[in-house]
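Structure assessment
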Amino acid sequence: MSWMFLRDLLSGVNKYSTGIGRIWLAVVFVFRLLVYMVAAEHVWKDEQKEFECNSRQPGCENVCFDNFFPISQTRLWALQLIMVSTPSLLVVLHVAYREGREKRHRKKLYVSPSTMDGGLWYTYLISLIVKTGFEIGFLVLFYKLYDGFSVPYLMKCDLKPCPNTVDCFISKPTEKTIFVLFLVITSCLCIVLNSTELSFLVFKCFIKC
Amino acid sequence: MDWGSLHAVIGGVNKHSTSIGKVWITVIFIFRVMILVVAAHEVWGDEQEDFVCNTLQPGCKNVCYDHFFPVSHIRLWALQLIFVSTPALLVAMHVAYYRQETARKFRRGEKRNEFKDIEDIKKQKVRIEGSLWWTYSSSIFFRIVFEAAFMYVFYFLYGGYHLPWVLKCGIDPCPNLVDCFISRPTEKTVFTIFMISASVICMLLNVAELCYLLLKVCFRRSKRAQSQSNHPNHTLKENKQNEMNELISDSGQNAIAGFPS
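If you look chain B up in an unreviewed UniProt entry, it shows as Gap junction protein from Saguinus oedipus. Its UniProt record gives chain B the following Subunit (unreviewed entry) comment, quoted word for word: "A connexon is composed of a hexamer of connexins." In its Sequence similarities (unreviewed entry) section, the UniProt entry covering chain B states "Belongs to the connexin family."

An unreviewed UniProt entry annotates chain A as Gap junction protein originating from Saguinus oedipus. Under the Subunit (unreviewed entry) heading, UniProt states for chain A: "A connexon is composed of a hexamer of connexins."

Observations regarding a nonpolar patch on the surface
Residues and elements named next belong to chain B. Together, Ile30, Phe31, Met34, Val37, Val38 and Phe194 make up an exposed nonpolar region whose accessible area comes to about 520 Å². Sorting elements by how many residues they give to the nonpolar patch places helix α2 (residues 19–43) first, with five residues. Secondary-structure assignment places Phe194 in helix α8 (residues 185–230). By relative accessible area, Phe194 is classed as partly exposed at 34%.

Thoughts on the packing of aromatic side chains
Each aromatic ring pair is characterised by the separation of its centres together with the angle its planes make. Scanning all chains against the criterion turns up 26 aromatic pairs over all chains. With centroids separated by 5.3 Å and ring planes inclined at 70°, the aromatic side chains of Tyr143(A) and Phe149(A) adopt a geometry described as edge-to-face. Overall, Tyr143(A) belongs to the partly exposed group, its relative accessible area being 48%. Judged by its relative accessible area of 23%, Phe149(A) falls in the partly exposed class. Both rings, one in Phe83(B) and one in Phe150(B), keep their centres 5.8 Å apart while their planes meet at 45°; by these two values the pair is tilted. Here Phe83(B), found in helix α4 (residues 73–85), pairs with Phe150(B), found in helix α7 (residues 131–158); they are 67 residues apart in sequence, far enough to count as distant. Here Phe150(B) falls in the buried class, since its relative accessible area comes to 14%. Just above the ring of Trp24(A) sits the side chain of Lys131(A); from NZ or CZ to the centre is 3.7 Å. Lying across the ring of Trp24(B), Arg143(B) places its NZ or CZ 3.8 Å from the centre.

Describing the pattern of salt bridges
Taken as a whole, this structure holds nine salt bridges over all chains when the rule is applied. Close ionic contact of Glu47(A) with Arg75(A) constitutes a salt bridge, the shortest N to O distance being 3.5 Å. Here Glu47(A), found in the loop between α2 (19–43) and β1 (52–53), pairs with Arg75(A), found in helix α4 (residues 73–85); they are 28 residues apart in sequence, far enough to count as distant. The class for Glu47(A) is buried, based on a relative accessible area of 7%. Here Arg75(A) falls in the partly exposed class, since its relative accessible area comes to 48%. Residue Lys168(B) is joined to Asp179(B) by a salt bridge in which the shortest nitrogen-to-oxygen separation is 2.7 Å.

What counts, and at which threshold
Residues numbered from 1 in each chain as written. Chains lettered and ligands numbered in written order. Predicted model: local features only at pLDDT ≥ 70, side-chain atom pairs only at ≥ 80, totals over all residues. Heavy atoms only, no water. UniProt positions renumbered as here; feature names shortened; annotations may be inferred. Patch = residues over 30% accessible without salt bridge, like charges linked within 9 Å, V, L, I, M, F, W, Y side chains within 5 Å. Areas by Shrake-Rupley, 256 points an atom, 1.4 Å probe, with all protein chains shown as cover. Salt bridge = Lys/Arg side-chain N within 4 Å of Asp/Glu carboxyl O. Helix = DSSP H or I, 4+ residues; strand = E, 2+ residues; numbered from the N terminus. Buried < 20%, exposed > 50% of the residue type's maximum accessible area, 1.4 Å probe, protein only. Phe/Tyr/Trp six-rings, centres within 6.5 Å; stacked < 30°, edge-to-face > 60°. Lys NZ or Arg CZ within 6 Å of the ring centre and 35° of its normal.

See the structure below:
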């Protein structure tokens, strides 16, 4: 089980998406998943090893690192990618359910199982809303956890067992800031694409009615 | 998602590319992506671990490393390769959209004489003309812009393409001006120059492809203009013949008005 599994799962979603949905999928694959795998993951690889505090007190570095990074940015990024990709599977499941129904009743119940009408339209809409919700939720979580989207080079720490307020230095803060900003920008782009697709679907429905 | 998946997607565009485009895709994947994955990662693997400063002051090494390498070379190359490959996705999307529209028309019964079945539509090589020409040319233009931009960023960030073996660093918390030593500077310089040369070759290939596409369009237009200018007398003669035929048929009908039709 690796990122290839998610990629294969999502490739199936492509068939049942609208045009904007396909652009969203391309953005997620290329600018988020691929960038995460080939670049971002390696930036955070040695984050704890290279985290250094100006104290020889054993345990001080561990405690300070844990306080500043309750969850690593790179793990949060991975969680965000998984949570944001999975609502699209609702659509795949619904189409599979329709195909199963047609097989059971042995007659044509729908124009085609993947035509976006009736229940499938609602499923698609709900998946868009949930995706957008997750994106915004994770961005807010990122902002709250790390006090903004930039990684400082120095943090002051005075937790036990550190003897006083010590300086702690983070490794590669500039590179990490660049990748966090990249994450935020691609996240916002995906939110814009999802909102556009949502409005387009609702507008199309109004015109039909 | 990894370089293999990107290769699969870009490889799909290969079918509809010009010959220069096909050479470009080969150069990108063999001389840049492969070199990045098999060699550059090894060379830059221990870059921070083996970056040593002549001081025991905690935090000095971190701060100096961050100052001299705001973004690592391999990450910058990886981003460059991703950005340079993505315009090709525009072409892939355009071709997919064109095929979808053709398949829709085929299902309605409009293009039955051009294709045998829907599989035929999928296998057909789409020609680079009309709106696809614009998409393809824009993708090449963006590729050139991205290559140039990244090369400039590289030059600007590292003050050239050569890595020194020692750097002087006096940023807080370093107590004074300390010497900091980069690991494997010569090997890194060799790979940097290699990647930059491959970048330049790719840029030249893109420029050549763009010129080729422009020449092709100009040549096609001049051929069309030439064929129109060769046949104006022929068109005039045809029109006169049609008028005469109409007059003959009208007078003929008047002559036989007495007979029932």
